[in-house]
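# Tertiary structure, described
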Amino acid sequence: MENQQKPPEGRLRTRRVVLASVAGGAVLGGVLVLLPWERPAEPAPPSPGALAMAAVTDGVPAALPGLTELIGEREKRLRTHPRDARSWAVLGAAYVEQGRRLADPAYYPRAEKALRTSLKVRPQRNTRALAGLAALANARRDFPAARRWGEAALTLEPRRWTTYSLLIDAYTGLGEHAAAERTLDRLTELRSGPAVLARAAAVYRVMGRREDAAASLADAAAGARAPAERAAYLEQAGQLAWERGDLQDALRHFQEAVRLDPDQGAAQAGQGRALAALGRTTEALNAYRVALAQQPCPRYALELGELYESLGMPDAARVQYDLLRERVRVAAAGGADEQLVLGQFEADHGDPREAVRRLWAQWHRQPGTEVADALGWALHRAGRHEEALRFAVRAAEGDHGGGMRSAAEGDHGGGMRSAAEGDHGGGMRSAAYAYHRGIIERELERYGAARRHLAEALRINPHFSPLHAPAARAAVEALGEPPDEGVPVMDGEPG
């Protein structure tokens, strides 16, 4: 025993360390068992600017505070990194969205400068800047330019899904409904989600597929990631409900949109529209005033002016009509085209011949459905009823020529359709369009067709306008019931 060899000192130290570690681990484990379990800290939510950045990148609605923060961040970065093409493009896209949300065309020249600077810094394969210029053109209602920029972006990156949404807006504004449908088909092959569902709903609405549009918007709102995005889809759903005459459903959607995003000016105006139809006039006037304070669109001024006029308040109406003219002038200074709403105003409240002049120019430049209806009505008001009916039928039935080249179809290089093949589509169910057509037909003594289309207008939405809905009811009553002509006698049958 005495001559048994002792373990080396280093091995004894190692053994003691291991035993101490095991013991310490056991004690610590016992302590952890006794302590309450704490979940790991959740990551901080993204900042408003980061949310706006994601929204602008994905082409979805962004909240105004986030846009303001994003614009400030990009402007600050570009002061020290003036050759950052991506930041210039993001800044331009944010300016476009800010201008659209505020109905402030002063943002559009800034957007154009930023986007063109991005192209100057990076002239090759700058898809983001090209898409931003397409979005800017859509916001300015310059649909030929939007199509041109969008198709250029698509040629560079055919699988960039957000470009397809921009082209759908451009094709719709140009009356190229078949091209819009084909572009939607390609978009849905590439992408799914709330933004795509909302874009599909816009196409379905123009096609007259209101039930499909409403279902798509309901799914889009349910899947939206941010309150501002969900509010935008609810506003569109409210507009659909309004168009089919469901006042309570429309009001519910508009109110929820405003609750989620108090800066949702379109939903504020929608509340005014629905409340007026429900006879809640004071609330309607207040809603319109809030909408115009947030988003002074010429169209809201026209709607509020006509509401005042229907209430026997011509002086208050005139104030809104003056505001409309001023906003159209401001829009033009920012490169935005509001000639359509000015033409609609002139047809009913100003000089119909001036309306025809303005709307003819619009038609030759971008022959969309809304322009066809407005031009037809202006021609009627100017006493040119035969011409007017042609455009009223085009608007109501969605029969638009065009057949213009579309980069969204085929292989982006060949197989283009000729203008002779046509590009027909549309068929949106609109009470206003049916009313205009019926009144024109009555003027041309086509009483059967007039009676049918005026009744259709009131069936689609009996509250479609505070001025024209009562006129439609009076016209239907004046036309009376269709004559009873009996059963026609066939040749060879006894009389």
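Below you will find a few notes about this structure. The written sequence of each chain sets the order in which its residues are numbered from 1. In view of the model being predicted, local features appear only for residues whose pLDDT reaches at least 70, and side-chain atom pairs are presented and counted only at 80 or more, with totals across whole chains, interfaces and linings using the full set of residues. Hydrogens and waters are ignored; side-chain quantities use all the structure's heavy atoms.

Within 6.5 Å between ring centres, the rings of Phe, Tyr and Trp (the latter by its six-membered ring) count as paired, and their orientation is classed by plane angle as stacked under 30 degrees, edge-to-face over 60, tilted in between. In total, this model carries 6 aromatic pairs according to the counting rule given. Seen in terms of ring centroids, W360 and F391 are 5.4 Å apart; in terms of plane orientation they differ by 90°. Their pairing is edge-to-face. Of this pair, W360 sits in helix 19 (residues 352-365) while F391 sits in helix 21 (residues 385-397), and the two are 31 residues apart along the sequence. Relative accessible area decides the class of each residue, using a 1.4 Å probe on protein chains only: under 20% of the type maximum gives buried, over 50% gives exposed, and in between gives partly exposed. On the basis of relative accessible area, F391 is assigned to the buried category, the value being 5%. An aromatic cluster is present here, built from W360, W363 and F391 joined pairwise through their rings. Charges are assigned to positions over rings by a cutoff of 6 Å between ring centre and Lys NZ or Arg CZ, combined with an angular limit of 35 degrees from the ring normal. Over the aromatic face of Y107 sits the side chain of R110, whose NZ or CZ is 4.5 Å from the ring centroid. A helix here means a DSSP run of H or I that spans at least four residues, while a strand means a run of E at least two residues long, and both kinds are numbered starting from the N terminus.

This next bit is on the pattern of salt bridges. Any carboxyl oxygen of Asp or Glu within 4 Å of a side-chain nitrogen of Lys or Arg constitutes a salt bridge here. Taken as a whole and assessed by the stated rule, the structure comprises 31 salt bridges. Of the charged contacts in the structure, one is a salt bridge between E189 and R186, with a shortest N-O distance of 3.3 Å. Note that E189 and R186 are positioned in helix 9 (residues 177-190) at a spacing of 3 residues, about one turn of the helix. The class for E189 is exposed, based on a relative accessible area of 58%. Close ionic contact of R318 with D315 constitutes a salt bridge, the shortest N to O distance being 2.8 Å. You can see R318 and its partner D315 sitting in helix 17 (residues 314-333), 3 residues apart, about one turn around the helix. Relative accessible area serves as the criterion here: at 45%, R318 is assigned to the partly exposed category. Residue D315 is classed as exposed on the basis of its relative accessible area of 52%. The network of salt bridges with shared partners includes E112, R116 and R140.

Next up on the list: the packing of helix 23 (residues 447-460) against helix 24 (residues 468-479). Here an angle of 0 to 180 degrees is reported between the N-to-C directions of two axes, which are lines fitted to C-alpha atoms, with helices fitted over the stretch in contact. Interaxial distance between helix 23 and helix 24 falls to 9 Å at its minimum, and their mutual angle equals 140°. The angle between the axes of helix 23 and helix 24 places the two elements in the oblique class. Of the two possible hands of crossing, helix 23 and helix 24 adopt the one that is left-handed. Seen from helix 23, the contacting residues are Y447, A450, R451, L454, A455 and L458; seen from helix 24, they are A469, A472, R473, A475, V476 and L479. Asp, Glu, Lys and Arg are counted as charged, while Ala, Val, Leu, Ile, Met, Phe, Trp, Tyr, Cys and Pro are counted as nonpolar; the rest, among them Gly, fall into the polar class. Within the contact of helix 23 with helix 24, the residues separate by chemical class into 10 nonpolar, no polar and 2 charged. Under this scheme an angle from 65 to 115 degrees is roughly perpendicular, one under 35 degrees roughly parallel, and one over 145 degrees roughly antiparallel; angles in between are oblique. Left-handed describes a crossing whose near helix is turned anticlockwise from the far helix through less than a right angle; right-handed describes the clockwise counterpart. Whether two residues touch is decided by their heavy atoms; if any such pair falls within 4.5 Å, the residues are in contact.

Another point: unusual backbone geometry. The backbone of R141 sits at a positive phi, close to 60°, despite the residue not being glycine. Position of R141 relative to the elements: it lies in the loop between helix 6 (127-139) and helix 7 (143-156). Taking relative accessible area as the criterion, R141 reaches 22% and is therefore assigned partly exposed. Located in the positive-phi region is E445, a residue other than glycine, with phi close to 60°. By secondary structure assignment, the location of E445 is in the loop between helix 22 (431-443) and helix 23.

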